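Results of the structural survey
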Number of protein chains: 2
Amino acid sequence: MISTILVPTDGSRAAQKAAMYAVDIAKQLKALVIVLSVIDKRSFTGQTVPSTETARHVIEPIEDYLKEAAEGYVGEIKKLCDKNGVQSKTVITAGHPVKDIVKEASRAKANMIIMGSHGKSALAAAVLGSVTYGVIHKETKIPVLVVRR
Amino acid sequence: MISTILVPTDGSRAAQKAAMYAVDIAKQLKALVIVLSVIDKRSFTGQTVPSTETARHVIEPIEDYLKEAAEGYVGEIKKLCDKNGVQSKTVITAGHPVKDIVKEASRAKANMIIMGSHGKSALAAAVLGSVTYGVIHKETKIPVLVVRR
């Protein structure tokens, strides 16, 4: 019985397509959709500024900006769920995308993960983006539905 | 609306696990399951025996053997469908697994392909077996649900 579907999104085209598919299938299954956006901490802590020189007033606005963007992505999918009478929850975390997706899937007892084949940072040539690849690789039990962009 | 699910099988453990998951979800979705087994032609035409020397009486029994095995795999899944009140059809082809899976998905107008992460011939270390990888890569429209072994 599929009762909970995790839909990670980074706002990419494939993620949007995956979300639309997820809402359709959740409606048919009467399942709960958990929309997750992970703010990739690596994207703003990668710069190796010596800690004493870290310009917090520069670092923080980047995180704020990414958080706002994430709220936008998950909000759009939540709206789509509402419009289709699909129950949904939104979750935003800051961390490592693969680890956070797997953690949230397990925490929420998701029976399925629906995600795009390629996220924003993926090379077009790769069959799977690194996050989708990582989730399939790491993830041991929950099936992953891959939606091509 | 998910109405048709393609379930390719090569009798591997991951394929069996994928099939069980597929029957569950098809039951919930009231979808038709198409069980497909592709006899991999490469596995018995790879030997480059000069055509005049081809021992047809040797080649044919291999194909017969593979066909019998395929009938066994699809038959088991069909039984599982019957037991769960899920409508199903079985298809056996001889050709290239990736091409035949994509062709059958398109022919049957499948809305979803559910398959194991690794088939029989896959290297354990790879994240995806070559057939699953190939289907995700080739396949342009139909989402692929990957079930880990």
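Up top is the structure these notes are about.
These notes cover the structure that comes with them. These numbers come from a predicted model, not from an experiment.

Now for the overall build of chain A. If you tally the helices and strands in chain A, you get five helices and five strands. Listing every helix and strand of chain A by position from the N terminus yields β-α-β-α-α-β-α-β-α-β. Classification of the 149 residues of chain A by burial places 46% in the buried group. Look at the contacts in chain A between residues 6 or more apart in sequence, and 78% of them connect residues 24 or more apart.

Residue and element names in this part refer to chain A. Most of strand 4 (residues 112–116) is tucked away: five of the five residues are buried. Burial along strand 4 is two-sided: the face carrying Met112, Ile114 and Gly116 and the face carrying Ile113 and Met115 are both buried. Across two bridges, strand 1 (residues 4–8) lies against strand 4 in parallel orientation. Paired with Leu6 across the two strands is Ile113, which belongs to strand 4. Bridge count between strand 4 and strand 5 (residues 144–147): four bridges; the pairing is parallel. Along strand 5, the bridge assignment pairs Ile114 with Leu145.

The transformation that overlays chain A on chain B combines an axial shift of 0.0 Å with a rotation of 180 degrees, and the residual RMSD is 0.0 Å. One copy is carried onto the other by what is essentially a two-fold rotation axis. Minimal C-alpha distance to the rotation axis in chain A is attained by Leu145 of chain A, lying at 1.9 Å. By residue overlap, the copies meet face to face through one surface: 100% of the interface positions of chain A are interface positions in chain B.

Let's shift gears to unusual backbone geometry. Of note, the phi angle at Lys109 of chain A is positive, near 55 degrees, even though the residue is not glycine. Of note, Lys109 of chain A is situated in the loop between helix 4 (97–107) and strand 4. For Lys30 of chain B, which is not a glycine, the phi torsion comes out positive at approximately 55 degrees.

This part covers the sheet that holds strand 1 (residues 4–8) of chain B. Spatial ordering of the open sheet is given by 3(A)-2(A)-1(A)-4(A)-5(A)-5(B)-4(B)-1(B)-2(B)-3(B), a layout of 10 strands whose pairing is mixed. The sheet terminates laterally at strand 3 (88–95) of chain A together with strand 3 (88–95) of chain B, the two strands that pair on one side only. With strand direction ignored, the average angle separating the axes of adjacent strands in the sheet is 25 degrees. Here helix 1 (residues 13–29) of chain A sits on the sheet and contacts strand 1, strand 2 (32–40), strand 4 and strand 5 of chain A together with strand 4 (112–116) of chain B; the angle it forms with strand 4 of chain A, its principal contact strand, is near 150 degrees. Against the sheet, helix 4 of chain A touches strand 1, strand 2, strand 3 and strand 4 of chain A, its axis set at about 155 degrees to strand 2 of chain A.

Tallying the contact residues gives 23 residues for chain A and 23 residues for chain B. Surface buried jointly by chain A and chain B totals about 2,400 Å² across both partners, of which 61% is contributed by carbon and sulfur atoms. Linking chain A with chain B are zero salt bridges. At the boundary of chain A with chain B, the tally comes to 10 residue pairs in polar contact (both at pLDDT 80 or more).

Here the focus is the packing of helix 4 of chain A against helix 5 (residues 130–138) of chain A. Residues and elements named next belong to chain A. Close contact between helix 4 and helix 5 brings their axes to 9 Å; oriented N to C, the two are set at 45 degrees. By the angle between their directions, the pair helix 4 and helix 5 is classed as oblique. Handedness of the crossing formed by helix 4 with helix 5: right-handed. Residue-level contacts link Pro97, Val98, Lys99, Ile101 and Val102 of helix 4 to Ser130, Val131, Gly134, Val135 and Lys138 of helix 5. Its residues assigned to classes, the contact of helix 4 with helix 5 shows six nonpolar, two polar and two charged.

Let us look at helix 5 (residues 130–138) of chain B. For helix 5 of chain B, the full list of buried residues reads Thr132, Gly134, Val135 and Ile136 of chain B. Against strand 5 of chain A together with helix 4 (97–107), strand 4 and strand 5 (144–147) of chain B lie the buried residues of helix 5 of chain B.

Next up on the list: the environment of Glu104 of chain A. All names here are of chain A. If you trace the backbone, Glu104 turns up in helix 4. Placed 42 residues apart in sequence, Glu104 and Ile62 show a C-alpha to C-alpha distance of 24 Å. Setting aside chain neighbours within four positions, we find Glu104 in contact with Leu6, Ile34, Leu36 and Val91. For Glu104, the side chain forms a polar contact with the side chain of Arg107, separated by 2.6 Å.

The rules behind each value
Residues numbered from 1 in each chain as written. Chains lettered and ligands numbered in written order. Predicted model: local features only at pLDDT ≥ 70, side-chain atom pairs only at ≥ 80, totals over all residues. Heavy atoms only, no water. Helix = DSSP H or I, 4+ residues; strand = E, 2+ residues; numbered from the N terminus. Buried < 20%, exposed > 50% of the residue type's maximum accessible area, 1.4 Å probe, protein only. Contact = heavy atoms within 4.5 Å. Pairing = 2+ DSSP bridges. Least-squares fit on C-alpha atoms with pLDDT ≥ 70 in both. Axes fitted to C-alpha atoms, helices over the stretch in contact; angles between N-to-C directions. Buried area = accessible area lost by both parts, 1.4 Å probe. Salt bridge = Lys/Arg side-chain N within 4 Å of Asp/Glu carboxyl O. Polar contact = N/O pair within 3.5 Å; in protein donor to acceptor, adjacent residues only side chain to side chain. Parallel < 35°, antiparallel > 145°, perpendicular 65-115°, else oblique. Left-handed = near helix turned anticlockwise from the far one by under 90°. Nonpolar A, V, L, I, M, F, W, Y, C, P; charged D, E, K, R; others polar.

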